[in-house]
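Listed below, chain by chain, are the residues.
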Amino acid sequence: MRRAERGGKGRHRGALPLWGLVVGLIALAACKAKKPVATTEVTATQEVQAPDWVRTKPVASMDYIGIGVAPKNRPDYQETAKKNALNDLASEISVTVEGNSLLYTLDRKYKFEEEFTSTITTRTNERLEGYRLVDSYENAGEYWIYYRLDKAEHARIKQERKQKAIGQATDLYGRALTSLRNGDLRSAFDLDLRALMAMKEYWGENDQVTVQGRTVPLANELFNDLQRMAAGTRLAALPERCALDWANQFSRELLITATLAEGGRPLGQLPITISYPGHTGQVSENRNTYADGRARTTIRRIDLGAAAPVVLVKLDAQALVSPDLDPAFVKPLMGSITIPEVRVPIDRTMPKVLFKGTERNLGRAVAEAPMAMALKEAMSAKGFRAVGSASEADLVVEVNADTREAGESNGFFSVALDGSVRATDRRSGEVVYEGGKQGVKGIQLSYEKAGEDAYKKAGNVMRDELFPALMNTLFQ
């Protein structure tokens, strides 16, 4: 019993130090928890180390890679970096302009500017698909972004899009041919342009298709069709020369016809422009032909001083282009197409004029007739012809004037001149113009000299005021 008790007491004594150790460790840990913990603060000036792809652009045989960067002081820096990355991605995609492509033709034959090709490339880049974001990185001043595009996936997407575009363009081209056969060149032109726009991403590539039993490069065929339609449009005008004279009051109607060269089919609803030098500036009219391919216009109020004036009738190519088509592509194409036109010379035969009337200074006839002389010179410069008898004349122009005393002051004498002009149609007797000027003052050392001074001023009035008013009335 004692041995057992001693053994029990011995085990009890051994347990006390173990519990004491545990309690001591807990107490020590509690004390340490009260002490401050040491930490490492990352300040704004400390940056994450740039990844390898920022320092050196990766190379991958199976992917196209695009990396873009933009300064963070730009408000749109993330979007700018993305755009730069996609441009970088696109630059890796090799583009070869094939010899039978439309771009090759435009560059070699029509010398299209590099800006045009650049526009096509830029718009094509905007349609990149299938790329994926790999990583991005930014520091205090820059934002970087990294894209990859699987080459095989890109080729698949592109081929799928190209076949869709070819199908759409082929359908539009077939409809354009049908419209042209029906004499609707306006619709045919629009359909061909839309077909070309559908193909614009592939203008530099081989696009052989079979159309109506013919194998053709589609984009080239569409462009050639636009040229054929323009070249095959025939514009004509009757009369072939526009004769204007006093007998027709310097007004003449023109009949314009538009037909297809092949078969002579009339072209209805065809937009045309008609222009000629007008009395107050260039006249420009827009017309659409009727269903029978005809249009009418009246030429009037022409510029009598114009050298070799003509009426220019042209196909209004701009009106053939729908406003929803991108002008960046359409305008250069339209600029390379020869626009049909017809020129109608204008023949002017100015009226023959008999001048008559009396000009007096204080009641006495003035031999030189200064006002009539000034008017005759101005009218002769415009092509009017002076004649000596009424039987020869188309117009009879009567100029009458006289001066009257207006007073004397400090040795200077004043007169006032009253003048009138009347133009009459010699055949009908109708007064076609009547005007004048009252109270033109002259001042000199005698009334007679003052009257001469007034007539000098009245000559200027005739040239600057009365003659333009007469012309406006005669040729309105």
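Each remark here, short or long, concerns the structure printed above.
Novice: Tell me what's going on with the overall build of the chain, and back it up with residues and numbers.
Specialist: Counting its secondary structure elements, the chain contains 11 helices and 20 strands. Split into buried and exposed, the 476 residues of the chain put 40% on the buried side. Pairs at least 24 residues apart make up 69% of the contacts formed inside the chain by residues separated by at least 6 positions. When the accessible surface of the chain is summed, it comes to about 26900 Å², and 50% of that surface belongs to carbon and sulfur atoms.

Novice: Explain the sheet that holds strand β20 (residues 431-444) residue by residue, including any values.
Specialist: The strands that make up a sheet are held in pairs by hydrogen bonds between backbone atoms, and each pair lies either parallel or antiparallel. With mixed pairing, the five strands of this open sheet are ordered in space as β17-β14-β18-β19-β20. Among the strands making up the open sheet, the edge pair consists of β17 (385-386) and β20. Pairing of strand β19 (residues 412-425) with β20 involves 11 bridges; the strand directions are antiparallel. Counterpart to A423 in the pairing with β20 is Y433. Strands β14 (352-356), β18 (395-409) and β19 of the sheet are contacted by helix α10 (residues 370-381), whose axis makes an angle of about 140° with β18. This element, helix α11 (residues 447-474), spans β18, β19 and β20 of the sheet and lies at about 155° to β20.

Novice: Quick one: what's the story with a nonpolar patch on the surface, residue by residue and with numbers?
Specialist: A surface patch of nonpolar side chains, about 310 Å² in accessible area, is lined by F412, I443 and L445. As for its placement among the helices and strands, F412 is situated in strand β19.

Novice: Would you mind going over the sheet that holds strand β2 (residues 132-138) in detail, with residue names and values included?
Specialist: Spatially, β1-β3-β2 is the arrangement adopted by the three strands of the open sheet, whose pairing is antiparallel. Each end of this open sheet is capped by a strand with a single partner; those strands are β1 (63-71) and β2. Averaged over all neighbouring strand pairs, the angle between strand axes comes to 15°, with direction disregarded. With six bridges connecting them, β2 and strand β3 (residues 142-150) associate as antiparallel partners.

Novice: Which residues make up unusual backbone geometry, and what are the values?
Specialist: Phi is mostly negative for residues that are not glycine, and the peptide bonds are mostly trans. Omega for the bond connecting L238 with P239 falls within 30 degrees of zero, at 0°, which places this linkage in the cis form. Residue position: P239 is located in the loop between β6 (233-238) and β7 (242-245). If you check the backbone angles, Q249 has positive phi at about 55° while not being a glycine. Its location among the elements puts Q249 in the loop between β7 and β8 (251-260). Relative accessible area serves as the criterion here: at 40%, Q249 is assigned to the partly exposed category. A positive phi angle, close to 55°, is found at Q269, a residue other than glycine. Along the polypeptide, Q269 turns up in the loop between β8 and β9 (271-278). A relative accessible area of 45% means that Q269 is categorised as partly exposed.

Novice: Before we move on, could you go through the packing of helix α6 (residues 151-181) against helix α8 (residues 218-231) and cite the residues and values that matter?
Specialist: Where α6 contacts α8, the axes come no closer than 11 Å and their chain directions differ by 20°. By the angle class used here, α6 and α8 are roughly parallel. When you trace α6 past α8, the crossing you get is left-handed. Residue-level contacts link I166, A169, T170, Y173, L177 and L180 of α6 to L218, E221, L222, D225, R228 and M229 of α8. Taken together, the residues that form the contact of α6 with α8 break down as eight nonpolar, one polar and three charged.

Novice: Provide a residue-level description of the packing of aromatic side chains, including the pertinent values.
Specialist: Within this structure, the stated rule accounts for five aromatic pairs. Plain terms: the ring middles of Y77 and Y143 are 5.5 Å apart, the flat faces sit at 70° to each other, and that makes the pair edge-to-face. Taken together, the positions of Y77 in helix α3 (residues 77-91) and Y143 in strand β3 put the pair 66 residues apart, joining distant regions of the chain. When the ring of F413 is compared with that of Y447, the centres are 4.9 Å apart and the planes differ by 65°; the resulting orientation is edge-to-face. Taken together, the residues F413 in strand β19 and Y447 in helix α11 connect sequence positions 34 residues apart. One residue, K200, lies across the ring of F329, its end atom 5.6 Å from the ring centre.

Novice: Now, about the environment of L470: what can you tell me, with residues and values included?
Specialist: On the secondary structure map, L470 appears in helix α11. A relative accessible area of 1% means that L470 is categorised as buried. Excluding residues within four positions of it along the chain, L470 makes contact with L375, M379, A423 and Y433.

Novice: Lay out the nonpolar core in plain terms, naming residues and giving numbers.
Specialist: L196, W203 and L375 are the most contacted members of the largest nonpolar core, which has 100 residues in total. Setting aside residues no more than four positions away along its own chain, L196 makes contact with L102, W203, A219, L222, F223, L226 and L333. Residues Y64, A70, L86 and L128 belong to the second largest nonpolar core, which totals 14 residues.

Novice: Lay out the layout of surface pockets with the relevant residues and their values.
Specialist: For the second largest pocket, the calculated volume is near 320 Å³. In this structure, the second largest pocket is lined by 15 residues; those nearest its centre are L180, D225, M229, L260 and E262. Secondary structure elements with two or more residues in the lining of the second largest pocket: α6 and α8. For the lining of the second largest pocket, the residue count by class is six nonpolar, two polar and seven charged.

Novice: Residue-level account of the pattern of salt bridges, with values.
Specialist: Close approach of charged atoms allows side chains of opposite charge to pair. Counted by the stated rule, this structure contains 28 salt bridges. Of the charged contacts in the structure, one is a salt bridge between E285 and R287, with a shortest N-O distance of 3.2 Å. Classification of R287 as partly exposed rests on a relative accessible area of 30%. Put simply, K449 and E452 hold a salt bridge, and the shortest N to O gap is 3.9 Å. Highlighted residues: K449 and E452, both in helix α11, separated by three residues, approximately one helical turn. Taking relative accessible area as the criterion, E452 reaches 37% and is therefore assigned partly exposed. Taken together, the shared-partner salt bridges in this structure form one network comprising R214, E221, D225 and R228.

Cut-off values and rules
- Residue positions are given per chain, counted from 1 along the sequence in the order it is written.
- Reporting in this predicted model follows two pLDDT cut-offs: at least 70 for local features of residues, and 80 or more for side-chain atom pairs to be given and counted; totals over whole chains, interfaces and linings ignore these cut-offs and use all residues.
- The side-chain numbers reported here are obtained from all heavy atoms of the structure, hydrogens and water having been left aside.
- Put simply, DSSP H or I for four residues or longer makes a helix, DSSP E for two residues or longer makes a strand, and each gets a number counted from the N terminus.
- The cut-offs for exposure are 20% and 50% of the maximum accessible area for each residue type, with area from a 1.4 Å probe on protein chains only; residues under the lower value are buried, those over the upper are exposed, and the others partly exposed.
- Whether two residues are in contact is decided by their heavy atoms, any of which lying within 4.5 Å being enough.
- Only the protein chains shown count as cover for residues, with accessible areas throughout obtained via the Shrake-Rupley method and a probe of 1.4 Å.
- Strands are labelled as partners when DSSP assigns at least two bridges between them.
- The axes used here are C-alpha line fits, helices contributing only the stretch in contact, and every angle between their N-to-C directions lies in the interval 0 to 180 degrees.
- Note that patches include only residues with greater than 30% relative accessible area and no salt bridge, and the join distances are 9 Å for like charges and 5 Å for nonpolar side chains (Val, Leu, Ile, Met, Phe, Trp, Tyr).
- Salt bridge, as used here, is a side-chain nitrogen of Lys or Arg placed within 4 Å of a carboxyl oxygen of Asp or Glu.
- Oblique is the label for any angle not covered by the other classes, which are roughly parallel (under 35 degrees), roughly antiparallel (over 145) and roughly perpendicular (65 to 115).
- The crossing is said to be left-handed when, going from far helix to near helix, the turn is anticlockwise and less than a right angle, and right-handed when the turn is clockwise.
- Basically, the charged four are Asp, Glu, Lys and Arg, the nonpolar ten are Ala, Val, Leu, Ile, Met, Phe, Trp, Tyr, Cys and Pro, and anything else, Gly included, counts as polar.
- Here is the rule: rings of Phe, Tyr and Trp (six-membered ring for Trp) pair when centre to centre is within 6.5 Å. Planes less than 30 degrees apart are stacked, more than 60 are edge-to-face, and the remainder are tilted.
- Think of it as a cone above the ring: NZ of Lys or CZ of Arg counts as a charge over the ring if it is within 6 Å of the ring centre and within 35 degrees of the ring normal.
- Grouping buried Ala, Val, Leu, Ile, Met, Phe, Trp, Tyr and Cys residues that are joined through side-chain atoms within 4.5 Å yields what is termed a nonpolar core.
- A 1.4 Å probe that fits into a set of points on a 1 Å grid over the protein atoms alone but cannot get out defines a cavity; an open set with protein on both sides within 12 Å along at least five of seven lines defines a pocket, and lining residues are those with an atom within 4 Å of a point.
- Grid points are joined across faces, edges and corners, and a volume is the space filled by probe spheres set on the points.

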